[in-house]
Amino acid sequence: MKRLPSICFVVLFFWLLNIHAFAQHHKFHIIAFYTGKNDLAHISFVHEANKWFPKMGEQYNYTYDSTNNWNNMNDSFLSHYQVVLFLDTRPDSLPQREAFERYMKKGGGWMGFHFSAFALTPSDFNQNWDWYHEEFLGAGQYKSNTWRPTSAILRVEDRKHPTTKGLPETFKAAPCEWYRWEHDLRTNPNIKILMGIDSTSFPLGTGPKLYEIWHSGYYPIVWTNIHYKMIYMNMGHNDMDYEGKTNATLSSTFSSDEQNKFIINALLWLGDGKKMR
């Protein structure tokens, strides 16, 4: 009986050692692509993300790099990372797009925020990439949005998915400009909707234009494509002081604990240590 404390200590020591080794074995690497031009709200989010993600990496055992050089979207560069983030825009050149498609089809992980799914013809971001907007995301073109950026109550649609583990049935998201899409994702068998706008959010938006306020309808906010290791989430547009002409950031995308928990769950799911095919 006198040896019991020392035995327990040894068992505890090796248990902690195994946990540490397991964590180290499953360490993964994230690369975030961004453009960081034009829209101040998107630039604000990019700056915020490039501070928040590496800080979280210290706790959740991943490394985080970021680049605004989209020419790094090539096979050699991407081979060093298990997860790719699109913080604002998407690749534009054909070689970049082909490299990203190959990466995803080989089992790479991807998380896209807000404007990364935007496409509207005619605009500076035409819908000229069918694989990405029609097959991969499934949403088609952008149709409309709410204004101003406000919080919404989100409903977790799939509570069994690994990314929604531990989340309540509904929660208050950080302020955002919410998008509506061309296609009804509920009719796409390849798309699994993880979160949508809860009806208690209505009216959503403050205008001043009436069509910028939603009063009813179904709006998916977070989803995945079952054929890829991917997550798209509408979040990533901060509120800005345009009217006061200070252009100061008035909100934070990372101000919701539940939303942050989902982001971390999603990153851990995307970078779960499985080798690319």
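Report on the accompanying structure. Computed from a predicted structure; not experimentally measured.

## A short note on the overall build of the chain
Counting its secondary structure elements, the chain contains 6 helices and 11 strands. Per-residue burial over the chain gives 52% buried out of 277 residues. Considering only contacts within the chain whose residues lie at least 6 apart along the sequence, 75% involve residues at least 24 apart. Summed over all atoms, the accessible surface of the chain reaches about 13900 Å², with 55% contributed by carbon and sulfur.

## Points about helix H4 (residues 94–105)
Between its first and last C-alpha atoms H4 spans 16 Å; for 12 residues at 1.5 Å apiece the expected length is 16 Å, and the two agree. Among the residues making up H4, those that are buried are Gln96, Arg97, Ala99, Phe100, Tyr103 and Met104. Along the axis of H4, the buried residues cluster in a sector spanning 160°; they form a single face. Looking at H4, the residues exposed on the side facing more than 90 degrees away from the buried face are Leu94 and Pro95.

## Structural notes on the environment of Phe86
Residue position: Phe86 is located in strand E3 (residues 83–86). Taking the C-alpha atoms as reference points, Phe86 and Tyr34, separated by 52 residues in sequence, lie 6.2 Å from one another. In this structure, Phe86 is in contact with Phe33, Trp70, Met73, Pro91, Phe100, Trp110, Met111, Gly112, Phe113, Ser116 and Tyr132, ignoring residues within four places of it in sequence.

## Points about the side chain of Asn238
Position of Asn238 relative to the elements: it lies in the loop between strand E11 (229–233) and helix H6 (257–270). At 3.3 Å, the side chain of Asn238 and the side chain of Glu48 are in polar contact. Polar side-chain contacts of Asn238 include one of 2.8 Å to the side chain of Thr253. In this view, Asn238 contacts Ala41, Ser44, Phe45, Glu48, Pro149, Thr249, Ser251, Ser252 and Thr253; residues no more than four positions away in its chain are not counted.

## Topic: the sheet that holds E11
Taken in spatial order, the 9 strands of this open sheet run E2-E1-E3-E4-E11-E10-E9-E6-E7, and their pairing is mixed. Of all the strands in the sheet, the pair left with one neighbour each is strand E2 (62–67) and strand E7 (170–172). Across the sheet, the mean angle from the axis of one strand to that of its neighbour is 20°, orientation sign disregarded. Pairing of strand E4 (residues 109–113) with E11, which is carried by 5 bridges, proceeds in the parallel orientation. Bridge pairing in E11 places Gly109 opposite Lys229.

What counts as what
- Residues numbered from 1 in each chain as written.
- Predicted model: local features only at pLDDT ≥ 70, side-chain atom pairs only at ≥ 80, totals over all residues.
- Heavy atoms only, no water.
- Helix = DSSP H or I, 4+ residues; strand = E, 2+ residues; numbered from the N terminus.
- Buried < 20%, exposed > 50% of the residue type's maximum accessible area, 1.4 Å probe, protein only.
- Contact = heavy atoms within 4.5 Å.
- Areas by Shrake-Rupley, 256 points an atom, 1.4 Å probe, with all protein chains shown as cover.
- Expected span 1.5 Å × (residues − 1).
- Arc of directions from axis to C-beta.
- Polar contact = N/O pair within 3.5 Å; in protein donor to acceptor, adjacent residues only side chain to side chain.
- Pairing = 2+ DSSP bridges.
- Axes fitted to C-alpha atoms, helices over the stretch in contact; angles between N-to-C directions.

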